[in-house]
Each structure stands twice: as C-alpha cells, then as structure tokens.
Amino acid sequence: MENVKIKDKTFKVYLNNSQIQTEIQRLAGEINARCAGKKVTFLPVLSGSFLFFADLIKHIKVEHEIYFVKYKSYSGTDSTGIVDAMLPPPASIKGTTAIIVEDIVDTGTTLKTIVPDVQKSGPDAVKICSLLLKPDKYDFAFSVDFTGFEIENDFVVGYGLDYDEAGRNLRHIYKLTNS
Ligand code: IMP
C-alpha cells in the first residue's frame, strides 16, 4: 500500500483496515461478555472516534444507549491539562455502565477531565474503551478497560485520527515516516 502525504508530512500504512476490523470484532465480543445483562451507555468522544465507533457498534449485543461527547484541549496549552467540555455527558447515564469510547489514548490528559465529568452524572460504573493506546506515555490511575492495539509512541493518522484536522477519512491507520 502506498504512502500518503498530508500537508507537509508523509505517512506509511501501520494497521490496515482488515486488521482494524478483526480487532474491533474481538473488542466488541469482550464488551458483550463483560457487560452482559447490564444497561450500557456508550459515550464516543468526538471527533476522532466516529469511524471506530460506527464499526464497533454494529457488533454490540448488550442493551445500550449512545450519546456523543466532545472535549477539546485549549490550543497551545495541552501540557497544562486544561480541557474544555464542549458537549458534556447527559444526566441520563445515571444507573448505567458508562463506556467512554476513544480513538486513541496517549498521556491520558483528556480522560482526566472526561472521567470525573462522567462520574458526576452518577453511573453505576465508568469504563474506558480505546482503539489505540500508547502505554509508555499513559499517566492516569484509571485503567483502560478495553484496548484494541497497544502502539509505540509514533504519531498516527487515519480511520478518524487527524493530523492538523486532515486525514480522518483514510481507511487504514498510518504512521509518520522519517522522510
Ligand atoms: P491524551 O489526552 O494525551 O491522552 O491525548 C488524547 C488526544 O490526543 C487524542 O484524542 C488525539 O486527539 C490526540 N492524539 C494523541 N496521539 C495522537 C496521534 O498519534 N495521532 C493523532 N492524534 C493523537
């Protein structure tokens, strides 16, 4: 498969769509098994998780509702951990098992804001599902319950993930080349 150029950078295929789909089916099976008999509320985090969640939900068999949430880091201040809730979770998650769905978890800074916000609405349990996790960078006491791929500290793009808001539509996940 060919490299792609996005703006000033070149990316090569890292995880192809068929690998992604196989992993999503496995992840959905794990959620179905571990959440059997529970009322689940999925909270996919916009924008990055839109493709991942669209594929994941097709394999979900447990009773559920879906509410998209949106959080944004203040530009230029990512390292301070200040994250703005643009579309917070609804009160209706009370008494359900809330599953936050992320495309990628890096340091965990975003989750440090989302998890307490979700807890405030009174769910029975809060769980995290992420297609990608960079375990070496993750620095949050709350563990990721459902992980697709653990990856190295490479910058990746495609399948919902962006580079400067571009590349979200790509079928595969690509990583940055050195060239
Ligand atoms: P965290 O708050 O450090 O866990 O970072 C989470 C957010 O950073 C993700 O939701 C992405 O928006 C962005 N991010 C982190 N690593 C990557 C990457 O490799 N590619 C694209 N976006 C990334």
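As a reminder, the structure under discussion sits directly above these lines.
The following paragraphs examine the structure supplied in this document. What you see is a predicted model; the values in this text were computed from it and never measured.

**Some remarks on unusual backbone geometry**
(1) Moving on: Between L46 and the following residue, S47, the backbone shows a cis peptide bond with an omega angle of 0°.
(2) Moving on: Looking at the secondary structure, you find S47 in the loop between β3 (40–46) and α2 (50–56).
(3) Moving on: The residue D164 is not glycine, and still its phi comes out positive at about 50°.
(4) Moving on: For D164, the position within the fold is in the loop between β10 (156–157) and β11 (173–176).
(5) Moving on: Look at E165: it is not a glycine, yet its phi comes out positive at around 70°.
(6) Moving on: When its relative accessible area of 52% is taken as the criterion, E165 is described as exposed.

**Observations concerning the pairing of strand β9 (residues 146–150)**
(1) Moving on: β9 sits mainly inside the fold: four of its five residues count as buried.
(2) Moving on: Both strand β8 (residues 125–133) and β9 contribute to a ladder of four bridges, which runs parallel. Bridge pairing in β9 places L133 opposite E150.

**Observations concerning the pattern of salt bridges**
A side chain with one charge can pair with a side chain of the opposite charge if their charged atoms come near.
(1) Moving on: Per the counting criterion, the structure on display carries twelve salt bridges.
(2) Moving on: K175 serves as the salt-bridge partner of D154, at 3.6 Å between the closest nitrogen and oxygen. Separated by 21 residues along the polypeptide, D154 in the loop between β9 and β10 and K175 in strand β11 bring together distant segments of the chain.
(3) Moving on: Between R168 and E165 there is a salt bridge whose closest N-O contact spans 2.9 Å.
(4) Moving on: Look at the salt bridges and you will find they share partners, linking E23, R26, E30 and R34 into a network.

About the cut-offs
- Residues numbered from 1 in each chain as written.
- Predicted model: local features only at pLDDT ≥ 70, side-chain atom pairs only at ≥ 80, totals over all residues.
- Heavy atoms only, no water.
- Helix = DSSP H or I, 4+ residues; strand = E, 2+ residues; numbered from the N terminus.
- Buried < 20%, exposed > 50% of the residue type's maximum accessible area, 1.4 Å probe, protein only.
- Pairing = 2+ DSSP bridges.
- Salt bridge = Lys/Arg side-chain N within 4 Å of Asp/Glu carboxyl O.

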